[in-house]
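Spelled out from the first residue to the last, the chains are:
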Amino acid sequence: MPVPEPTPRPSRPSPLAGVSMRDLLASCAAAEAVSTPPRLPDPALARTPPHPHRTAA
């Protein structure tokens, strides 16, 4: 006796992966922050002398 082939089911939209848009945007922002090199120091701030150290009382 031949085995009947299963009838194809109508395609349904697949469920979402479970990641919220807020989490997705936060992960993108974190990835950009980690992959961006640090900024160069401001030349105007580099010319000012550092604050003198104070001695403890």
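Rules used throughout
Residues numbered from 1 in each chain as written. Predicted model: local features only at pLDDT ≥ 70, side-chain atom pairs only at ≥ 80, totals over all residues. Heavy atoms only, no water. Helix = DSSP H or I, 4+ residues; strand = E, 2+ residues; numbered from the N terminus. Buried < 20%, exposed > 50% of the residue type's maximum accessible area, 1.4 Å probe, protein only. Areas by Shrake-Rupley, 256 points an atom, 1.4 Å probe, with all protein chains shown as cover. Patch = residues over 30% accessible without salt bridge, like charges linked within 9 Å, V, L, I, M, F, W, Y side chains within 5 Å. Salt bridge = Lys/Arg side-chain N within 4 Å of Asp/Glu carboxyl O. Polar contact = N/O pair within 3.5 Å; in protein donor to acceptor, adjacent residues only side chain to side chain.

Peer 1: How should I be thinking about the overall build of the chain in this particular structure?
Peer 2: Summing up its helical and strand segments, the chain has 2 helices and 0 strands in all. Expressed as a percentage of its 57 residues, the buried residues of the chain come to 0%. Total accessible area on the chain stands at roughly 6600 Å², and carbon and sulfur atoms take up 65% of it.

Peer 1: It is not clear to me how a nonpolar patch on the surface should be interpreted in this structure. Could you clarify?
Peer 2: A surface patch of nonpolar side chains, amounting to about 420 Å² of accessible area, comprises Val 19, Met 21, Leu 24 and Leu 25. Position of Met 21 relative to the elements: it lies in helix H1 (residues 21-35).

Peer 1: Can you help me understand the environment of Ser 20 in this one?
Peer 2: Note on placement: Ser 20 falls in the segment before H1. In terms of polar contacts, Ser 20 uses its side chain to reach the backbone amide nitrogen of Asp 23, at 3.2 Å.

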